[in-house]
Amino acid sequence: MIEFNEPLYVDKSLDYIQEAIRSNHICGDGSFTRKCSGWIEKQTKTAKCLFTTSCTHALEMAAFLSNIQEGDEVLMPSYTFASTADAFVMRGAKLVFVDIRPDTMNIDERLIEAAITDKTKAIAVVHYAGVSCEMDTIMDIANKYNLIVIEDAAQGMMSSYKGQALGTIGDFGCFSFHETKNYSMGEGGALLLKDDSCKERAEILREKGTNRSKFYRGEVDKYSWVGIGSSYLPSELNMAYLWGQLEKAEEINHHRLLLWNKYYELLSPLFNRGILEAPVVPDHCIHNAHMFYIKVKDEDERIRLISFLKVNQIHTVFHYIPLHSAPSGKKYGRFAGKDIYTTKESLRILRLPMHNKLTEDQVEYVCEKIFEFYENAKGITG
Ligand SMILES: *Cc1c(COP(=O)(O)O)cnc(C)c1O
């Protein structure tokens, strides 16, 4: 079976986990956390990176640090994972869903301004498939209306927009290191702070409302309960696992891009004949090959293609059920304007296998089978 995803593992990680165990420091904020945060700060050229137990938790921290209050409105796409929404709903916010662009599947920046009301407090953008939203326009709107911008860059590690790393353009950036992402620590995430000004509040929030981070750095001689917070620190065991991968981040990224480009090249005849639609990466965006998706004609064709590929030992998946059509989305949000693309495109998208263990030969095989499906279906596709 060609799996849709396989968790990334590099041999060095096991050595590093053993090193963490031998060092007698396996709780949070030890040397591996420092190594990983330092690496990300350098890689993304950002002021501060705080590792968390998930991207969901990084988003929760961002919502808290943005002072989102009961009744505030937060703009976001409906085509996203539930976590983007949960973080704000937990603070009592109302969600206002904005339609997506059919090309990148990202929030349509041209529709944002019309969705703003006097209750709007923030815009949560999602960089789908590691391809950036139109951040220049979004930041201009945010500045004009004094809104906070939170980037759900869960899929965006190693991607950039006009030379700026994703997650560093808005006020807060959130990464995921879940096992389904390009780099993984099982479960994990990171919060990027654009400037240092809320670093102290963020550290206190992350450390159960205490100033233990300052204590660890020797800046205070004892720590106490100075604010409110939760426990968002990942264990050193997870950080050690991740460190093995970050050391090889370029190599891993290179392999994924190789596979992505191979899919694109081999499927081009189907794209050119209008049988399938290709993923779109604007010229000013560098992506990280987080996923390779295709768009088929409609939901019915997708069902048939998935089962044909499954019979041929290829596992493919689709997502998301638009949030505004889910029970909680109806309860906590509303759609601004018309849903022209969100639902329609969500029913056509199909994600092909993409992970570090995948080989070029396997990509060739997957593409061959897709061709075979459309040849057999000639009557339908013309
Ligand atoms: C994976 C993902 C998340 C959640 O990440 P966790 O680390 O599992 O909490 C949030 N948003 C998007 C867009 C994602 O792809």
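Calculation criteria
- Residues numbered from 1 in each chain as written.
- Predicted model: local features only at pLDDT ≥ 70, side-chain atom pairs only at ≥ 80, totals over all residues.
- Heavy atoms only, no water.
- Axes fitted to C-alpha atoms, helices over the stretch in contact; angles between N-to-C directions.
- Helix = DSSP H or I, 4+ residues; strand = E, 2+ residues; numbered from the N terminus.
- Left-handed = near helix turned anticlockwise from the far one by under 90°.
- Contact = heavy atoms within 4.5 Å.
- Nonpolar A, V, L, I, M, F, W, Y, C, P; charged D, E, K, R; others polar.
- Phe/Tyr/Trp six-rings, centres within 6.5 Å; stacked < 30°, edge-to-face > 60°.
- Buried < 20%, exposed > 50% of the residue type's maximum accessible area, 1.4 Å probe, protein only.
- Lys NZ or Arg CZ within 6 Å of the ring centre and 35° of its normal.
- Near = heavy atom within 4 Å.
- Areas by Shrake-Rupley, 256 points an atom, 1.4 Å probe, with all protein chains shown as cover.
- Polar contact = N/O pair within 3.5 Å; in protein donor to acceptor, adjacent residues only side chain to side chain.
- Pairing = 2+ DSSP bridges.
- Right-handed = clockwise from strand over helix to strand, strands pointing away.
- Patch = residues over 30% accessible without salt bridge, like charges linked within 9 Å, V, L, I, M, F, W, Y side chains within 5 Å.
- Salt bridge = Lys/Arg side-chain N within 4 Å of Asp/Glu carboxyl O.

**Q** Go over the packing of helix α3 (residues 55-65) against helix α4 (residues 82-89), please, and point to the residues and values.
**A** Their axes nearest at 8 Å, the elements α3 and α4 cross at an angle of 35°. Where α3 crosses over α4, the handedness of that crossing is right-handed. Together, T56, L59, E60 and A63 of α3 and S83, T84, A87 and F88 of α4 make up the contact between the two elements. Residue composition of the contact of α3 with α4, by class: four nonpolar, three polar and one charged.

**Q** I'd love a proper account of the packing of aromatic side chains, names of residues and values included.
**A** Under the counting rule described, the total for this entry stands at 16 aromatic pairs. Seen in terms of ring centroids, F215 and Y223 are 5.4 Å apart; in terms of plane orientation they differ by 55°. Their pairing is tilted. Residue classification places Y223 among the partly exposed residues on the basis of a relative accessible area of 35%. For the pair W260 and Y264, a centre-to-centre distance of 5.5 Å together with 20° between the ring planes defines the contact as stacked. Of this pair, W260 and Y264 both sit in helix α10 (residues 249-272), four residues apart, which is roughly one turn of that helix. On the basis of relative accessible area, Y264 is assigned to the partly exposed category, the value being 31%. Ring pairs connect the aromatic residues W260, Y263, Y264, F271 and F292, which therefore count as one cluster. Over the aromatic face of F32 sits the side chain of K35, whose NZ or CZ is 4.9 Å from the ring centroid. In this structure, R302 is placed above the aromatic ring of F318, and the distance from its NZ or CZ to the ring centre is 3.7 Å.

**Q** Summarise the site of the ligand; cite the residues concerned and give the values.
**A** The ligand sits among 14 residues. The nearest are T56, D152, Q155, S176 and K181. For the ligand, whose accessible area on its own is 390 Å², the fraction buried by protein is 92%.

**Q** Provide a residue-level description of the side chain of S176, including the pertinent values.
**A** Mapping S176 onto the fold places it in strand β8 (residues 172-176). Within the structure, the side chain of S176 is placed 3.1 Å from the backbone nitrogen of H178, a separation counted as a polar contact. Setting aside its immediate chain neighbours within four residues, S176 contacts C55, A154, K181, Y183, G188 and G189.

**Q** Quick one: what's the story with the sheet that holds strand β10 (residues 285-286), residue by residue and with numbers?
**A** Ordered in space as β7-β6-β10, the three strands form an open sheet in which the pairing is antiparallel. In this open sheet, the two strands that pair with only one neighbour each are β7 (164-165) and β10. The sheet contact formed by strand β6 (residues 160-161) and β7 spans two bridges and is antiparallel. Counterpart to Y161 in the pairing with β7 is Q164.

**Q** Now, about the pairing of strand β5 (residues 148-152): what can you tell me, with residues and values included?
**A** For β5, the buried fraction is high: five of the five residues fall into the buried class. Covered by surrounding structure in β5 are I148, I150 and D152 together with V149 and E151, the residues of both alternating faces. The pairing of strand β4 (residues 120-126) with β5 spans five bridges and is parallel. Counterpart to A122 in the pairing with β5 is I148. Assessed by its sense of winding, the connection that carries the chain from β4 through helix α6 (residues 135-145) to β5 is right-handed. Bridge count between β5 and β8: three bridges; the pairing is parallel. Residue pairing for β8: I150 is matched across the bridge by F172.

**Q** Residue-level account of the environment of A165, with values.
**A** As for its position among the elements, A165 is in strand β7. The exposure class of A165 is buried, given its relative accessible area of 14%. Put simply, A165 and A153 are twelve residues apart on the chain and 9.8 Å apart in space, counted from C-alpha to C-alpha. Among all residues touching A165, those that are not within four sequence positions of it are T44, S159 and S160.

**Q** I'd like a description of a nonpolar patch on the surface, backed by residues and values.
**A** Taken together, F215, Y216 and Y223 make up a surface patch of nonpolar side chains, about 270 Å² in accessible area. Tracing the backbone shows Y216 in helix α8 (residues 212-216).

**Q** Lay out the sheet that holds strand β3 (residues 94-98) in plain terms, naming residues and giving numbers.
**A** Spatially, β1-β9-β8-β5-β4-β2-β3-β12 is the arrangement adopted by the eight strands of the open sheet, whose pairing is mixed. Each of the sheet's edge strands pairs with one partner strand only, and the pair in question is β1 (48-52) and β12 (333-335). Each adjacent strand pair in this sheet contributes to an overall mean axis angle of 20°, direction not counted. With five bridges joining them, β8 and strand β9 (residues 189-193) adopt antiparallel strand pairing. From the neighbouring strand, F172 faces β9, where its bridge partner is L193. Sheet strands in contact with α4 are β2 (73-77), β3, β4 and β5, and its direction is about 180° off that of β2.

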